[in-house]
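Structural overview
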Amino acid sequence: MLKPGSTIGILGGGQLGRMLALAAARLGLHCHIYSPEKDSGAFEVVRASTCAPYDDETALARFAASVDVITYEFENIPAKTAAFLAKRKPVFPDPRVLELTQDRLVEKNFIDGLKIAVAPYAPVHSASQLAAGIEKVGLPAVLKTTTMGYDGKGQTKIKKGDDANAAWRSLKNKPCVLEGFVNFEREVSVIAARSADGHVECFEVTENEHRDHILKISTVPAKVSPQLATEAKRVATRIAKALDYVGVLGVEMFVVKDKGKQAVLVNEIAPRVHNSGHWTIDGASVSQFEQHIRAVAGWPLAKPLRFGRKVEMTNLIGAEIHDVDHWLTVPGVSVHLYGKTEARAGRKMGHVTRVYPK
Ligand SMILES: Nc1ncnc2c1ncn2[C@@H]1O[C@H](COP(=O)(O)OP(=O)(O)O)[C@@H](O)[C@H]1O
Ligand SMILES: [Mg+2]
């Protein structure tokens, strides 16, 4: 168990790192942010930071020497970087988890191997595999690059009558996974935390609405049956255990109607704090960020309790940052801005959380 005053090293300097560092500060822990990007928003809120590429071994060694434990807020950290650091300091979650979740196909095979339901899928490394994949999963389908996709980037829908090879070409013929299109009733996620001693705490199931493939609104409670909520948390818990995970992970799921009953299919795993868990900062007795810090520091997890009858988190994307004047005056709303200067289209600039009183 890390003592207050210890330092947690965080790889990645975006808003997730920033919110992790703020949560750590409340617990009397310091953070050292490592990020290759000069304008990393997380640099502003920590005492120590390193701005260097992920392959700069001198900077990495110095970083490792200055911290007690290492975690990350960004899952596309090169495997080599994680391995280099893991030789010097404990890294949570284990770098193996990064490797598994960096590749959609490896990740799907893993979930499927746990006998947890996923959408039908097939690997696409050649034109013949693409044709066989369409045969298997049917149309419409979604073609996704196996690596580096986020916020809907690196994926394209293929409908009946479309030229599938052209769709693959639009993804530069990169290795892909083809998924059957899921006619979901709603999208939900479970944010789970697992401590070093194997205890798991899940936040309530959260309902997520995307716009242009980017998360727009998360709401709790989700409109799902108590049975489905229990099942969704059970699935996330099984995944966390199977990965021997330490920290917070987000599991994105589709809710489908199966013979009149709601059932879940796992869409993807995020090996980090997750945008759909931002409501927990203002809407619960402990935030996902604090849970993650507690887990990687070897502290016991808190039992999260939700405030209010309903909590709603809305992302401020691109120019929506200018709506902040309005949000600042709405009763029950907490405003979070990430300190990014340029409001590029599709960029997550901040979020607001509204707690509806009981
Ligand atoms: N197989 C699918 N069927 C239906 N919708 C999908 C499917 N895959 C992805 N989507 C939609 O696209 C969004 C982004 O896809 P996802 O696989 O989560 O990639 P990302 O890494 O960009 O978040 C999902 O949240 C969902 O709304
Ligand atoms: Mg996703």
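Residues numbered from 1 in each chain as written. Chains lettered and ligands numbered in written order. Predicted model: local features only at pLDDT ≥ 70, side-chain atom pairs only at ≥ 80, totals over all residues. Heavy atoms only, no water.

Right, let's talk about the domain arrangement of the protein chain for a bit. Per the domain assignment, the segments making up the protein chain are domain 1 (7-91), domain 2 (120-180) and domain 3 (186-356). The C-alpha centroid of domain 3 is placed 28 Å from the C-alpha centroid of domain 2. Contacts between domain 2 and domain 3 engage five residues on the former and five residues on the latter. Where domain 2 meets domain 3, there are one salt bridge. Asp 151 serves as the salt-bridge partner of Lys 348, at 3.3 Å between the closest nitrogen and oxygen. Across the domain 2-domain 3 interface, the total number found is two residue pairs in polar contact (both at pLDDT 80 or more). Partitioning the side of domain 2 that touches domain 3 into residue classes produces no nonpolar, two polar and three charged. (Domains from an automatic or database assignment. Contact = heavy atoms within 4.5 Å. Salt bridge = Lys/Arg side-chain N within 4 Å of Asp/Glu carboxyl O. Polar contact = N/O pair within 3.5 Å; in protein donor to acceptor, adjacent residues only side chain to side chain. Nonpolar A, V, L, I, M, F, W, Y, C, P; charged D, E, K, R; others polar.)

Axis separation between helix α1 (residues 15-26) and helix α10 (residues 288-296) bottoms out at 8 Å; the angle between their running directions is 70°. As far as their axial angle goes, α10 and α1 are roughly perpendicular. Regarding α1 and α10, the two cross each other, and that crossing is right-handed. Two secondary-structure elements touch here, α1 through Leu 16, Met 19, Leu 20, Ala 23, Ala 24 and Arg 26 and α10 through Phe 289, Glu 290, His 292 and Ile 293. Each residue belonging to the contact of α1 with α10 can be placed in one class, and the counts come to seven nonpolar, one polar and two charged. (Axes fitted to C-alpha atoms, helices over the stretch in contact; angles between N-to-C directions. Helix = DSSP H or I, 4+ residues; strand = E, 2+ residues; numbered from the N terminus. Parallel < 35°, antiparallel > 145°, perpendicular 65-115°, else oblique. Left-handed = near helix turned anticlockwise from the far one by under 90°.)

Lining the immediate surroundings of ligand 1 are 20 residues, of which Lys 144, Gly 152, Val 182, Glu 187 and Asn 267 lie closest. One of the side-chain N or O atoms of Gln 155 is found 3.1 Å from an oxygen atom in ligand 1. Gly 180 is positioned such that a nitrogen or oxygen atom in its backbone is 3.1 Å from a nitrogen atom of ligand 1. Contributing elements (two or more residues each) for the shell around ligand 1: β6 (141-145), β8 (176-180), β13 (247-258) and β14 (261-270). Per-class residue counts for the shell around ligand 1 are six nonpolar, seven polar and seven charged. Each of domain 2 (120-180) and domain 3 (186-356) contributes no fewer than three residues to the shell around ligand 1. (Near = heavy atom within 4 Å.)

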